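As a plain string of letters, each chain reads:
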Amino acid sequence: MHLHPHSIELSSCFLGSVFYCLGCEMIQIEFGNLLIELKYEEFVKFLFFLQQSNFKKVEAENQNLPYNRKLVWQFTQSSIKAVFHQREAEGLLGLLSAAESALLRRSFSNNNHLFSMN
Ligand SMILES: [Zn+2]
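Keep in mind that what you see is a predicted model, and the values were worked out from it rather than measured.

1. Brief notes about the environment of R69
- Note on placement: R69 falls in the loop between α2 (55-61) and β5 (71-74).
- When the C-alpha atoms of R69 and E59 are compared, they prove to be 8.3 Å apart, with 10 residues separating the residues in sequence.
- Those residues in contact with R69, other than ones at most four positions away along the chain, are V83, F84 and H85.

2. A word on the pairing of strand β2 (residues 16-21)
- Both strand β1 (residues 7-13) and β2 contribute to a ladder of six bridges, which runs antiparallel. Bridge pairing in β2 places C13 opposite G16.
- Linking β1 to β2, which pair antiparallel, is a turn of two residues.
- Strand direction decides the pairing type here: β2 and strand β3 (residues 27-31), joined by five bridges, are antiparallel. In the sheet register, Y20 faces β3, and the bridge partner there is I27.
- Count of turn residues in the β2/β3 antiparallel hairpin: five residues, of which E25 carries a positive phi of about 65 degrees.

3. Structural notes on the pairing of strand β6 (residues 81-84)
- The sheet contact formed by β5 and β6 spans four bridges and is antiparallel. By the bridge assignment, Q74 is partnered in β6 with K81.
- Adjacent in sequence and paired antiparallel, β5 and β6 are bridged by six residues, among which Q77 carries a positive phi angle near 50 degrees.

4. Topic: unusual backbone geometry
- Unlike most non-glycine residues, H4 shows phi in positive territory, near 50 degrees.
- Residue H4 is classed as partly exposed on the basis of its C-beta count, with 17 C-beta atoms lying within 10 Å.
- A positive phi angle, near 65 degrees, is found at E25, a position not held by glycine.
- Take E25: it is sitting in the loop between β2 and β3.
- By C-beta crowding, E25 is classed as exposed, having 11 other C-beta atoms within 10 Å.

Parameters and conventions
- Residues numbered from 1 in each chain as written.
- Predicted model: local features only at pLDDT ≥ 70, side-chain atom pairs only at ≥ 80, totals over all residues.
- Helix = DSSP H or I, 4+ residues; strand = E, 2+ residues; numbered from the N terminus.
- Contact = placed C-beta atoms within 7 Å.
- Pairing = 2+ DSSP bridges.
- Buried ≥ 20, exposed ≤ 12 C-beta atoms within 10 Å, placed from the backbone.

This is a description of form; function is not addressed.
Below, the structure written as structure tokens:
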């Protein structure tokens, strides 16, 4: 089990935090009891899903599901699904959006650093 000791925090709120591993570039989302590790492409896909989702509408559509939380996300190549209340999904969206902004700022500042080296 690799727990990415060389990670920096990208964003944080009362629901959780997002970290970026400087060693292997994996993004880690600590959210409630979950620790979700994603490559950047998967992270963007997950963020896009949250951005596109009308949480209220999906929650209404899934009212008949037996689960307490009606918003369901299936992880790629895994039997694990994450389930959210509307407020948790909104919190997660804010958390991941802030993390993506931090990553973009980071890549810009790295590029600037490279340019200044030339
Ligand atoms: Zn790592």
